[in-house]
Amino acid sequence: MTLLRTLATRLASGVLVLWIVATLTFGAMHATAGDPAIAILGGPDALPTQAVVEEVRREYGLNDPLPVQYARYLGRLLSGDLGESYRLRTPVTSAILEQLGSTVVLGGIAGVLALAIALGLALVGAGRGPRVGGAITAVEVVITAVPNFVIGVGLMFLLAFQLRLVPVAGEQGWASLVLPVLTLAIPSSIVMAQVLRSELDEVLEQPFILTARARGLGEAGVRVLHALRHAVIPLLTLAGYVFGFLLGGTVITETLFARRGIGRLMVDSALTSDIPMVIGISLFIALSYVLVTLIVDLIAAAVDPRARLA
Amino acid sequence: MSTAALAPAGQFFSPIEPEEDVVLAAPAQVHRRIRRRPALVLAAAWLVLLVLFALVPDAFTRLDPLAADAGQAFLAPAADHWLGTDENGRDLLSRMIHGTGISLVVGLAATLIGLAIGSAIGLLAALGGRIADHLTGRLLDALMAFPDQLLALVIITFFGQGTTNLILAIAFAMVPRNARLVRAQALLVRRSGYVEAAQTLGLSRFAILWRHILPNALKPLLIILPLSVGNSIAASAGLSFLGFGAPPPAPEWGAILAVGRNYLPEAWWLVAAPALAITLTVLAITVIGRTLRARSEGRAW
């Protein structure tokens, strides 16, 4: 019953967020984008005649009062119609869906790898006293200070040009995934490892850990079987942030390694002022963020009874 | 508690002992402190050097960052050109030094604008009544749905390219987090004894807001201010790497890196110099920022 109520409130706030994003984009579009009719006709450089502009205005309903246009905009969004790209001349929705697979593969593998690295680092590094802990923190600080494009170019130089282990860029085969996946996974793994390790440090001080040790359980058993379960819950609440971190990272990664995907599509659209595409991607990202946080909240509520009250 | 965050630079060298805060230390003492925190000293030295690069670039290099010479292209680092030359035969060291100013200005300006807008929204949410709180809260929720880089790209798309809009884009991306921090702190401050006392004394609402609530509500933001500057510099380098910075001939670290990437196998220095400069700058600011934050929390690191 409580789970259902949690679901209902989270769902409502998710819908609210989406509605605000839709309203913001509608407002921004009308406040800054200039005359949409001219943009539809290919921009001011296309020099459309006044009659043609009027024709387009009538056809797209641009002469209607703003509230009518707003209602129609929301209606179109609800039916999954995000408009047509200025640059590609194709529906925004199908352009996004076309690029989505590549980003999901990249982000999914990078996310799993980052989680594995973070678990390994935290399980090995937690509760080792101030000296080792300080050294690990110092390494983490240095790695987080390296911007992701520097990591990417560095890996490219080392693994592709010097050692010739993997292709420099492109999407031929699994080997081409190595560089972008590492570039995306390394910074995210450090973020997660920091949270996990400080949580494990605390859990390892708890009485039930002492009990487990007193029963003769080995160090590895204590950490994996007992401490980890408790440390994972804060990581779960971090999942929304990590999702955004990975998604934001694809902007640089996909551009640097010449891959298809949502991040690259966003960069290309922003460079060419393709406003419908940028708005479409924004709404799509907001939707996926809302869904991810909703699912994470539900998992957290199922795993940890205390989270249901929040 | 966190007046330490605003302490003069000389105090950074002392990690724990607050009783030594009077900085009239004997040379031997200074020497000991430097040995104890070499990273902090190196970080401060690098930042001082960068500020000098930004203020008086010509004192460090006599070569023109824009002077192209096709015959001098792709020269490896040597005595004539300490960092080598780029694809147009321009001196890389000169370009790096002349590009320092823009990185620092973008980082600082974006942080300050993000601070101003964020704290205004945060204060409005905390003090403007329930409706204002709900509206701003949901607005921030919506903005939080976007990763920083993507939010910055959305803003650049709507407002156009250029350095000013680059600064605004990075600043806006910082607003949600800043606003939340200020809101939470302002809610605490509003119920504090000294605000109650000021009200009892009959101070005007504006005076209370300006003199008592604002300075105290900003504290958590001021503590992380250096870290925000570091993040902004990295973000601006990333965006100029993607092609959203100043147009081509201008020397900009991220842009130099983006061009250098195309010549990576033949001219590694074109990538190494900006990559190292950006990383060292962010790292130096992080080291100093973390020290400030730790001191404000009474920790050594």
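Anything mentioned here points back to the structure above.
Counting from 1, residues in each chain are numbered in the order their sequence is written. Both sets of labels track the order of writing: A upward for chains, 1 upward for ligands. The predicted nature of this model means local features are confined to residues of pLDDT at least 70 and side-chain atom pairs, given and counted, to a pLDDT of 80 or more, with totals for whole chains, interfaces and linings taken over all residues. The side-chain quantities take in all heavy atoms of the structure and omit both hydrogens and water.

1. Concerning the packing of helix α3 (residues 92-127) of chain B against helix α6 (residues 163-190) of chain B
All names here are of chain B. The condition is simple: Only the stretch in contact is used when fitting a helix axis, every axis being a line fitted to C-alpha atoms; angles between N-to-C directions are given from 0 to 180 degrees. The helix count covers DSSP runs of H or I at least four residues long, the strand count covers runs of E at least two residues long, and both are numbered beginning at the N terminus. Oblique is the label for every angle not falling under 35 degrees (roughly parallel), over 145 degrees (roughly antiparallel), or within 65 to 115 degrees (roughly perpendicular). Definitions for this section: a left-handed crossing has its near helix turned counterclockwise from the far helix by less than a right angle. A right-handed crossing has that turn clockwise. Note on residue categories: nonpolar means Ala, Val, Leu, Ile, Met, Phe, Trp, Tyr, Cys or Pro, charged means Asp, Glu, Lys or Arg, and polar means any other residue, Gly included.
As a packed pair, α3 and α6 sit with axes 5 Å apart at the nearest point and diverge in direction by 40 degrees. Classified by the angle their axes make, α3 and α6 are oblique. In this structure, the crossing between α3 and α6 has a hand that is right-handed. Residue composition of the contact of α3 with α6, grouped by class: 24 nonpolar, seven polar and two charged.

2. Some points on the interface of chain B and chain A
Here is the rule we go by: Whether two residues are in contact is decided by their heavy atoms: any pair within 4.5 Å suffices. Accessible area that two parts lose when put together, evaluated with a 1.4 Å probe and summed over both, is termed the buried area. One speaks of a salt bridge when a side-chain nitrogen belonging to Lys or Arg is within 4 Å of a carboxyl oxygen belonging to Asp or Glu. Counting of polar contacts relies on pairs of N or O atoms within 3.5 Å, with two restrictions inside protein: one atom must be capable of donating a hydrogen and the other of accepting it, and residues adjacent in sequence are counted only when both atoms are side-chain atoms.
Between chain B and chain A, the residue contacts involve 37 residues of the former and 41 residues of the latter. Around 3500 Å² of area is buried between chain B and chain A when both sides are counted, 84% of it from carbon and sulfur atoms. There are zero salt bridges connecting chain B and chain A. Inspection of the chain B/chain A interface yields zero residue pairs in polar contact (both at pLDDT 80 or more). At the level of secondary structure, the elements contributing two or more residues to the side of chain B that touches chain A comprise α4 (129-144), α5 (148-159), α10 (225-241), α11 (253-261) and α12 (269-296) of chain B. Broken down by element, the side of chain B that touches chain A gets its largest block of residues, eight residues, from α12(B). Taken together, the residues of the side of chain B that touches chain A sort by class into 26 nonpolar, seven polar and four charged.

3. Points about the environment of Ala185(A)
Residue and element names in this part refer to chain A. Quick note on the threshold: The rule is simple: take the accessible area with a 1.4 Å probe, protein chains only, and divide by the maximum for that residue type; under 20% is buried, over 50% is exposed, in between is partly exposed.
Within the element layout of this structure, alanine 185 appears in helix α8 (residues 178-203). Residue classification places alanine 185 among the buried residues on the basis of a relative accessible area of 0%. For the pair formed by alanine 185 and isoleucine 117, sequence separation is 68 residues and the distance between their alpha carbons is 8.7 Å. Leave out the neighbours within four places in its chain, and alanine 185 touches Ala110, Leu113 and Ala114.

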